[in-house]
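Coordinates in review
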Amino acid sequence: MAIRTKPGGVLSNTIKDTSNYSSSGGQLESDPTLQDLFLELEEYQEFPKICKKCHLPKPERAHHCSVCKKCVLKFDHHCPWIANCVGHYNHRYFLLFMTYLVIGCFYFALVGWKEFLSCLDIDSEWEWWMPRPYMALSFLLAVAIGIALGGMCLWHYYLVLTAQTTVEFYNNSYAKSAAKSKGEVYKNPYNLGPLINLCQFFNVGNNYKYPIYTIFLPIPTLPNGNGKFWEKNEEIYNDYNNINNNNYNNNYNNNVNNNNNNYSNNTNNNININFNKNINSNNSQASISNNAE
């Protein structure tokens, strides 16, 4: 499903029900033509951002994939192992794929460690149909893949619980460091809390479409929303806007004060210059009259 399901493009038609989704093999329809571009623009209350590379509307959390040469909704990364982008519509399948693979690797290592130790003992009798080298290689590969992919899987679960993608994690890290240097605190506006983030990602729970027991089932499900508009933490979002407004007001007041100070200084300088000129002219006239006498 992670391979066959398209991640979702900017102009891709969303699928309205699960039956159509499953009957199409988990695939979204291909990108439509220019007519859908105008229909896409009608969804926005104000003119959206435009991608500098593909020159199409760029919804929030969408990014341009340099491999696929198009913008992907809620773009996480381009995975060469599945030959597909990981985005809004197949992110769940990609995470479940890693989860199943890690569980399978550790299960194989758990039930096969005795046979692995036995195959290393050349003098002992080998009772299994698989040759000794194959068993040793399979066990080592299972352990290596389980450890490596397990770390990546835990990393993606952390991103899900914090409502981030891989691209957004690096962007948020930069924003946090930039805000910290200014004495401010940056918070991810899409972070609604770990439990709500998890339910929103898998689209399960009371406020979402599917029951909670389907969270780890290998079945085709639709993600929450259309991938173009996202719910935000109003408290954090308002705090962020208040910080921007306060900064704007402070900068405006500083500019006004600086302009007033510059105006008063220039006025005083002009008065002093005119006063000095008057004194100099009076002195010169007095000296001329004295010389004439």
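All of the points below concern the structure found in this document. Source: prediction; values computed, not measured. (Residues numbered from 1 in each chain as written. Predicted model: local features only at pLDDT ≥ 70, side-chain atom pairs only at ≥ 80, totals over all residues. Heavy atoms only, no water.)

**Looking at the nonpolar core**
Formed by 20 residues in total, the largest nonpolar core has its most connected members in Ile-82, Phe-94, Leu-95, Met-98 and Phe-202. Per-element tally for this core: the top contributor is helix α3 (residues 91-120), with 6 residues. Ignoring any residue separated from it by four or fewer positions in sequence, one finds Met-98 in contact with Leu-149, Met-152, Cys-153 and His-156. Ranked by size, the runner-up nonpolar core spans 7 residues in total, among them Ala-109, Phe-116, Met-135 and Phe-139. (Core = buried A, V, L, I, M, F, W, Y, C linked by side-chain atoms within 4.5 Å. Buried < 20%, exposed > 50% of the residue type's maximum accessible area, 1.4 Å probe, protein only. Helix = DSSP H or I, 4+ residues; strand = E, 2+ residues; numbered from the N terminus. Contact = heavy atoms within 4.5 Å.)

**Thoughts on the pattern of salt bridges**
Applying the stated rule across the entire model yields 2 salt bridges. One salt bridge connects Lys-232 with Glu-60, and the closest N-O pair in it is separated by 2.9 Å. Within this pair, whereas Lys-232 is found in the loop between α6 (194-202) and α7 (234-292), its partner Glu-60 is found in the loop between β2 (57-58) and β3 (63-65), the two being separated by 172 residues in sequence. A residue is classified by how much of its surface remains accessible, and Glu-60, at 24% relative accessible area, is partly exposed. (Salt bridge = Lys/Arg side-chain N within 4 Å of Asp/Glu carboxyl O.)

**Here we look at the packing of aromatic side chains**
The description of an aromatic ring pair rests on the distance of the ring centres and on the angle between the ring planes. Summed over all chains, the structure comprises 6 aromatic pairs. Aromatic side chains Phe-202 and Phe-216 sit 5.9 Å apart centroid to centroid with 65° between the ring planes, which places their arrangement in the edge-to-face category. Residue Phe-202 is found in helix α6, and its partner Phe-216 is found in the loop between α6 and α7; the two are separated by 14 residues along the sequence. A residue is classified by how much of its surface remains accessible, and Phe-202, at 2% relative accessible area, is buried. (Phe/Tyr/Trp six-rings, centres within 6.5 Å; stacked < 30°, edge-to-face > 60°.)

**Quick notes on the environment of Tyr-190**
By the element assignment, Tyr-190 lies in the loop between α5 (166-181) and α6. In this structure the C-alpha to C-alpha distance between Tyr-190 and Arg-61, which are 129 residues apart in sequence, comes to 9.9 Å. A polar contact of 2.8 Å, which involves the side chain of Tyr-190, links it to the side chain of Glu-60. (Polar contact = N/O pair within 3.5 Å; in protein donor to acceptor, adjacent residues only side chain to side chain.)

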